[in-house]
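Inside the fold
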Amino acid sequence: MEVLLRTLLIRNGHILSLDQLATELWGDRPPIRARASIHVYVSQLRKVLNKFSQNSCVITTRAPGYVLELGGDELDLELFLALVEKARLQRSVHRHDLAVDTLTEALRFWREPVQASSYEGPIIREFANWAEELRVECTELLARSLLASDQNSKAVRILYGLIAEFPLREKLYAFLMEALSQSGRRADALEVYQTARRQIRDELGLEPCRFLRETQEIILKDNLDELSFRRARHEQPVQPYAV
(Lines give C-alpha, C1' and ligand atoms only; values in the text may rest on other atoms or scores of the structure.)
Protein backbone atom coordinates (compact mmCIF):
# COMPACT_ATOMS: atom_id res chain seq x y z
CA MET A 1 0.00 0.00 0.00
CA GLU A 2 2.95 2.35 0.59
CA VAL A 3 4.03 2.14 -3.06
CA LEU A 4 0.46 2.83 -4.20
CA LEU A 5 0.22 5.91 -1.98
CA ARG A 6 3.62 7.21 -3.17
CA THR A 7 2.60 6.80 -6.80
CA LEU A 8 -0.72 8.59 -6.32
CA LEU A 9 0.97 11.42 -4.42
CA ILE A 10 3.59 11.90 -7.12
CA ARG A 11 0.86 12.21 -9.77
CA ASN A 12 -1.49 14.21 -7.54
CA GLY A 13 -4.32 15.62 -9.67
CA HIS A 14 -3.58 13.29 -12.61
CA ILE A 15 -5.36 10.08 -13.50
CA LEU A 16 -3.35 6.88 -13.17
CA SER A 17 -4.55 3.83 -15.06
CA LEU A 18 -4.81 0.44 -13.41
CA ASP A 19 -2.01 -0.78 -15.68
CA GLN A 20 0.29 2.03 -14.52
CA LEU A 21 -0.45 1.27 -10.89
CA ALA A 22 0.11 -2.44 -11.43
CA THR A 23 3.52 -1.73 -12.98
CA GLU A 24 4.52 0.40 -9.98
CA LEU A 25 3.35 -2.28 -7.54
CA TRP A 26 4.61 -5.45 -9.20
CA GLY A 27 6.79 -4.50 -12.16
CA ASP A 28 6.38 -6.70 -15.24
CA ARG A 29 5.07 -9.64 -13.19
CA PRO A 30 1.70 -8.60 -11.75
CA PRO A 31 -0.38 -11.28 -9.99
CA ILE A 32 -3.41 -12.80 -11.71
CA ARG A 33 -5.83 -10.73 -9.62
CA ALA A 34 -3.80 -7.52 -9.81
CA ARG A 35 -6.73 -5.24 -10.59
CA ALA A 36 -8.83 -6.66 -7.78
CA SER A 37 -5.93 -6.18 -5.38
CA ILE A 38 -5.54 -2.54 -6.47
CA HIS A 39 -9.24 -1.90 -5.77
CA VAL A 40 -8.79 -3.32 -2.26
CA TYR A 41 -5.67 -1.22 -1.62
CA VAL A 42 -7.43 1.93 -2.81
CA SER A 43 -10.39 1.23 -0.53
CA GLN A 44 -8.06 0.85 2.43
CA LEU A 45 -6.18 4.06 1.54
CA ARG A 46 -9.43 6.00 1.26
CA LYS A 47 -10.39 5.09 4.80
CA VAL A 48 -7.06 6.36 6.11
CA LEU A 49 -6.73 9.51 4.00
CA ASN A 50 -10.30 10.69 4.43
CA LYS A 51 -9.66 11.06 8.16
CA PHE A 52 -6.92 13.62 7.58
CA SER A 53 -7.83 15.46 4.38
CA GLN A 54 -10.07 18.50 4.09
CA ASN A 55 -11.79 16.81 1.13
CA SER A 56 -14.50 14.24 1.68
CA CYS A 57 -12.94 11.84 -0.82
CA VAL A 58 -9.34 12.34 -1.85
CA ILE A 59 -9.06 9.30 -4.15
CA THR A 60 -11.59 9.34 -6.96
CA THR A 61 -12.44 6.55 -9.37
CA ARG A 62 -11.99 7.94 -12.85
CA ALA A 63 -11.53 5.89 -16.00
CA PRO A 64 -9.17 4.22 -16.67
CA GLY A 65 -8.12 4.16 -12.99
CA TYR A 66 -7.83 6.52 -10.04
CA VAL A 67 -6.81 10.07 -9.23
CA LEU A 68 -5.61 11.52 -5.92
CA GLU A 69 -6.64 15.13 -5.38
CA LEU A 70 -4.97 17.01 -2.55
CA GLY A 71 -4.57 20.76 -2.25
CA GLY A 72 -1.10 22.26 -2.55
CA ASP A 73 -1.15 23.24 1.12
CA GLU A 74 -1.59 19.56 2.03
CA LEU A 75 1.60 18.40 0.27
CA ASP A 76 5.03 18.83 1.84
CA LEU A 77 6.59 18.99 -1.63
CA GLU A 78 4.53 22.03 -2.62
CA LEU A 79 5.44 23.79 0.64
CA PHE A 80 9.10 22.91 0.08
CA LEU A 81 9.08 24.26 -3.48
CA ALA A 82 7.42 27.49 -2.31
CA LEU A 83 10.15 28.01 0.29
CA VAL A 84 12.93 27.37 -2.24
CA GLU A 85 11.40 29.91 -4.61
CA LYS A 86 11.09 32.39 -1.74
CA ALA A 87 14.79 31.88 -0.94
CA ARG A 88 15.72 32.49 -4.59
CA LEU A 89 13.89 35.82 -4.49
CA GLN A 90 15.65 36.73 -1.24
CA ARG A 91 19.01 35.90 -2.81
CA SER A 92 18.18 37.99 -5.88
CA VAL A 93 17.92 41.09 -3.67
CA HIS A 94 21.02 40.07 -1.70
CA ARG A 95 19.14 39.13 1.49
CA HIS A 96 21.27 36.06 1.97
CA ASP A 97 20.69 36.04 5.72
CA LEU A 98 16.95 35.62 5.14
CA ALA A 99 17.62 33.00 2.47
CA VAL A 100 19.60 30.96 5.02
CA ASP A 101 16.58 30.85 7.35
CA THR A 102 14.19 30.03 4.51
CA LEU A 103 16.32 27.22 3.08
CA THR A 104 16.92 25.77 6.53
CA GLU A 105 13.16 25.65 7.02
CA ALA A 106 12.71 24.03 3.59
CA LEU A 107 15.23 21.28 4.31
CA ARG A 108 13.34 20.29 7.47
CA PHE A 109 10.84 18.62 5.14
CA TRP A 110 13.55 16.09 4.21
CA ARG A 111 13.82 13.44 6.88
CA GLU A 112 16.35 11.44 4.88
CA PRO A 113 17.88 11.34 1.37
CA VAL A 114 15.77 9.82 -1.40
CA GLN A 115 17.09 6.45 -2.58
CA ALA A 116 15.84 6.02 -6.14
CA SER A 117 17.45 2.58 -6.39
CA SER A 118 15.06 1.35 -3.69
CA TYR A 119 12.11 1.47 -6.12
CA GLU A 120 11.40 -0.54 -9.25
CA GLY A 121 8.43 1.31 -10.73
CA PRO A 122 9.24 3.91 -13.42
CA ILE A 123 7.06 6.66 -11.93
CA ILE A 124 8.60 6.49 -8.46
CA ARG A 125 12.15 5.99 -9.73
CA GLU A 126 11.97 9.01 -12.04
CA PHE A 127 10.47 11.16 -9.33
CA ALA A 128 12.99 9.97 -6.74
CA ASN A 129 15.88 10.92 -9.01
CA TRP A 130 14.38 14.37 -9.59
CA ALA A 131 13.63 14.87 -5.90
CA GLU A 132 17.17 13.94 -4.92
CA GLU A 133 18.54 16.53 -7.33
CA LEU A 134 16.19 19.06 -5.80
CA ARG A 135 17.40 18.27 -2.27
CA VAL A 136 21.02 18.62 -3.33
CA GLU A 137 20.28 21.89 -5.12
CA CYS A 138 18.55 23.28 -2.02
CA THR A 139 21.43 22.20 0.21
CA GLU A 140 23.93 23.78 -2.16
CA LEU A 141 21.88 27.01 -2.21
CA LEU A 142 22.01 27.01 1.58
CA ALA A 143 25.80 26.69 1.46
CA ARG A 144 26.02 29.55 -1.03
CA SER A 145 23.78 31.73 1.14
CA LEU A 146 25.85 30.94 4.22
CA LEU A 147 28.99 31.89 2.35
CA ALA A 148 27.43 35.17 1.23
CA SER A 149 26.41 35.83 4.84
CA ASP A 150 30.00 35.36 6.09
CA GLN A 151 29.13 32.04 7.74
CA ASN A 152 31.97 30.30 5.96
CA SER A 153 32.58 27.43 8.37
CA LYS A 154 28.95 26.28 8.16
CA ALA A 155 29.07 26.42 4.36
CA VAL A 156 32.24 24.34 4.29
CA ARG A 157 30.74 21.67 6.59
CA ILE A 158 27.66 21.37 4.40
CA LEU A 159 29.74 20.96 1.26
CA TYR A 160 31.97 18.32 2.80
CA GLY A 161 28.78 16.44 3.71
CA LEU A 162 27.45 16.63 0.16
CA ILE A 163 30.74 15.39 -1.27
CA ALA A 164 30.67 12.44 1.12
CA GLU A 165 27.29 11.53 -0.43
CA PHE A 166 28.29 12.27 -4.03
CA PRO A 167 32.06 11.80 -4.34
CA LEU A 168 32.05 12.07 -8.15
CA ARG A 169 30.16 15.36 -8.51
CA GLU A 170 32.89 17.67 -9.70
CA LYS A 171 30.80 20.85 -9.32
CA LEU A 172 30.61 20.24 -5.56
CA TYR A 173 34.39 20.03 -5.30
CA ALA A 174 34.69 23.31 -7.22
CA PHE A 175 32.28 25.07 -4.91
CA LEU A 176 34.01 23.69 -1.82
CA MET A 177 37.31 25.00 -3.18
CA GLU A 178 35.71 28.41 -3.59
CA ALA A 179 34.27 28.32 -0.06
CA LEU A 180 37.62 27.36 1.43
CA SER A 181 39.40 30.08 -0.54
CA GLN A 182 36.97 32.72 0.67
CA SER A 183 37.55 31.45 4.21
CA GLY A 184 41.27 32.13 3.84
CA ARG A 185 42.07 28.41 3.48
CA ARG A 186 43.76 28.48 0.07
CA ALA A 187 46.03 25.50 0.78
CA ASP A 188 43.03 23.39 1.86
CA ALA A 189 41.20 24.42 -1.32
CA LEU A 190 44.08 23.20 -3.47
CA GLU A 191 44.22 19.96 -1.51
CA VAL A 192 40.52 19.42 -2.28
CA TYR A 193 41.41 19.57 -5.97
CA GLN A 194 44.02 16.85 -5.51
CA THR A 195 41.50 14.73 -3.58
CA ALA A 196 38.93 15.18 -6.35
CA ARG A 197 41.51 14.32 -9.02
CA ARG A 198 42.49 11.09 -7.25
CA GLN A 199 38.85 10.12 -6.73
CA ILE A 200 37.89 10.75 -10.36
CA ARG A 201 40.95 9.00 -11.76
CA ASP A 202 40.52 5.96 -9.50
CA GLU A 203 36.78 5.57 -10.12
CA LEU A 204 36.41 6.74 -13.73
CA GLY A 205 39.91 6.69 -15.18
CA LEU A 206 39.49 10.33 -16.23
CA GLU A 207 41.01 13.69 -15.45
CA PRO A 208 38.88 16.36 -13.72
CA CYS A 209 36.51 18.35 -15.92
CA ARG A 210 37.47 21.72 -17.36
CA PHE A 211 35.36 23.63 -14.83
CA LEU A 212 37.18 22.03 -11.90
CA ARG A 213 40.59 22.56 -13.50
CA GLU A 214 39.78 26.21 -14.13
CA THR A 215 38.73 26.59 -10.50
CA GLN A 216 42.13 25.36 -9.40
CA GLU A 217 43.88 27.77 -11.78
CA ILE A 218 41.88 30.74 -10.52
CA ILE A 219 42.66 29.86 -6.90
CA LEU A 220 46.35 29.56 -7.75
CA LYS A 221 46.11 33.10 -9.14
CA ASP A 222 44.22 34.16 -5.99
CA ASN A 223 41.42 35.73 -8.05
CA LEU A 224 38.32 35.31 -5.83
CA ASP A 225 36.22 37.77 -7.84
CA GLU A 226 36.53 35.55 -10.90
CA LEU A 227 35.38 32.54 -8.84
CA SER A 228 32.20 34.32 -7.77
CA PHE A 229 31.47 35.45 -11.34
CA ARG A 230 31.85 31.93 -12.75
CA ARG A 231 29.72 30.38 -10.01
CA ALA A 232 26.84 32.83 -10.55
CA ARG A 233 26.98 32.17 -14.29
CA HIS A 234 26.70 28.40 -13.78
CA GLU A 235 23.86 28.43 -11.23
CA GLN A 236 20.87 26.74 -12.84
CA PRO A 237 17.89 25.39 -10.92
CA VAL A 238 16.63 21.84 -11.32
CA GLN A 239 13.86 21.66 -13.92
CA PRO A 240 10.27 21.24 -12.66
CA TYR A 241 9.00 17.68 -12.41
CA ALA A 242 6.95 16.79 -15.49
CA VAL A 243 3.97 14.54 -14.74
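Summarised in this report is the structure supplied together with it.

The rules behind each value
- Residues numbered from 1 in each chain as written.
- Predicted model: local features only at pLDDT ≥ 70, side-chain atom pairs only at ≥ 80, totals over all residues.
- Heavy atoms only, no water.
- Helix = DSSP H or I, 4+ residues; strand = E, 2+ residues; numbered from the N terminus.
- Phe/Tyr/Trp six-rings, centres within 6.5 Å; stacked < 30°, edge-to-face > 60°.
- Buried < 20%, exposed > 50% of the residue type's maximum accessible area, 1.4 Å probe, protein only.
- Salt bridge = Lys/Arg side-chain N within 4 Å of Asp/Glu carboxyl O.

For the rest of this paragraph, the subject is the environment of alanine 82. Relative to the elements of secondary structure, alanine 82 occurs in helix α4 (residues 76-92). When the C-alpha atoms of alanine 82 and threonine 102 are compared, they prove to be 9.9 Å apart, with 20 residues separating the residues in sequence.

A word on the packing of aromatic side chains. Enumeration according to the criterion identifies 3 aromatic pairs in this entry. Aromatic side chains phenylalanine 80 and tryptophan 110 sit 5.5 Å apart centroid to centroid with 80 degrees between the ring planes, which places their arrangement in the edge-to-face category. Linking phenylalanine 80 in helix α4 with tryptophan 110 in the loop between α5 (96-107) and α6 (122-148), this pair joins segments that are 30 residues apart in sequence. Phenylalanine 80 gets classed as buried once you look at its relative accessible area, which sits at 1%. Overall, tryptophan 110 belongs to the buried group, its relative accessible area being 19%. Consider the rings of phenylalanine 127 and tryptophan 130, whose centres lie 5.5 Å apart with planes at 45 degrees: the pair is tilted.

Evaluated as defined, the whole model comprises 15 salt bridges. Ionic pairing is found between arginine 35 and aspartate 19, a salt bridge with its closest N-O pair at 3.1 Å. Here arginine 35, found in helix α3 (residues 34-49), pairs with aspartate 19, found in helix α2 (residues 18-26); they are 16 residues apart in sequence, far enough to count as distant. Of the charged contacts in the structure, one is a salt bridge between lysine 171 and glutamate 140, with a shortest N-O distance of 3.7 Å. Of this pair, lysine 171 sits in helix α8 (residues 170-182) while glutamate 140 sits in helix α6, and the two are 31 residues apart along the sequence. Looking at lysine 171, the relative accessible area reads 44%, which means it is partly exposed.

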